[in-house]
Amino acid sequence: MKYLLTITLCSMIENVCMQPHTFPGAFDNLYKCQIAGYNKAIEKIEEIGIDKVNEHKIYTTFSCKPFNTI
């Protein structure tokens, strides 16, 4: 079984989320997918910056969805 990483950015103020982004490639196990999810979430929050994150109350969610390979 492999896992796909999907990250979503949301705003607490507008109470909306952007379209989820699924990263290309798959992870061999749940552990590696979750580590990548936390790292990608940190990268995205840093990229957006402190001012916009605080102004729009932006937060991230991510999921690692399993799928079977043939």
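Since the structure is predicted, the reported quantities are computational estimates derived from the model, not experimental observations. (Residues numbered from 1 in each chain as written. Predicted model: local features only at pLDDT ≥ 70, side-chain atom pairs only at ≥ 80, totals over all residues. Heavy atoms only, no water.)

1. Considering the packing of aromatic side chains
Considering all chains together, one arrives at 1 aromatic pair under this definition. Taken together, a centroid distance of 4.8 Å and an interplanar angle of 85 degrees make the contact between Tyr38 and Phe62 edge-to-face. Here Phe62 lies in strand β4 (residues 58-67) and Tyr38 lies in helix α1 (residues 30-48), a separation of 24 residues in the sequence. You can call Tyr38 exposed: its relative accessible area is 51%. Overall, the relative accessible area of 24% leaves Phe62 in the partly exposed class. (Phe/Tyr/Trp six-rings, centres within 6.5 Å; stacked < 30°, edge-to-face > 60°. Helix = DSSP H or I, 4+ residues; strand = E, 2+ residues; numbered from the N terminus. Buried < 20%, exposed > 50% of the residue type's maximum accessible area, 1.4 Å probe, protein only.)

2. Here we look at the pairing of strand β1 (residues 2-11)
Summarising burial for β1: 8 of the 10 residues are buried, a large majority. Examined bridge by bridge, β1 and β4 share 10 bridges and lie antiparallel to one another. When the bridges of β4 are listed, Ile7 appears paired with Phe62. Here 2 bridges tie β1 to strand β3 (residues 21-22), and the two strands are oriented antiparallel to one another. (Pairing = 2+ DSSP bridges.)

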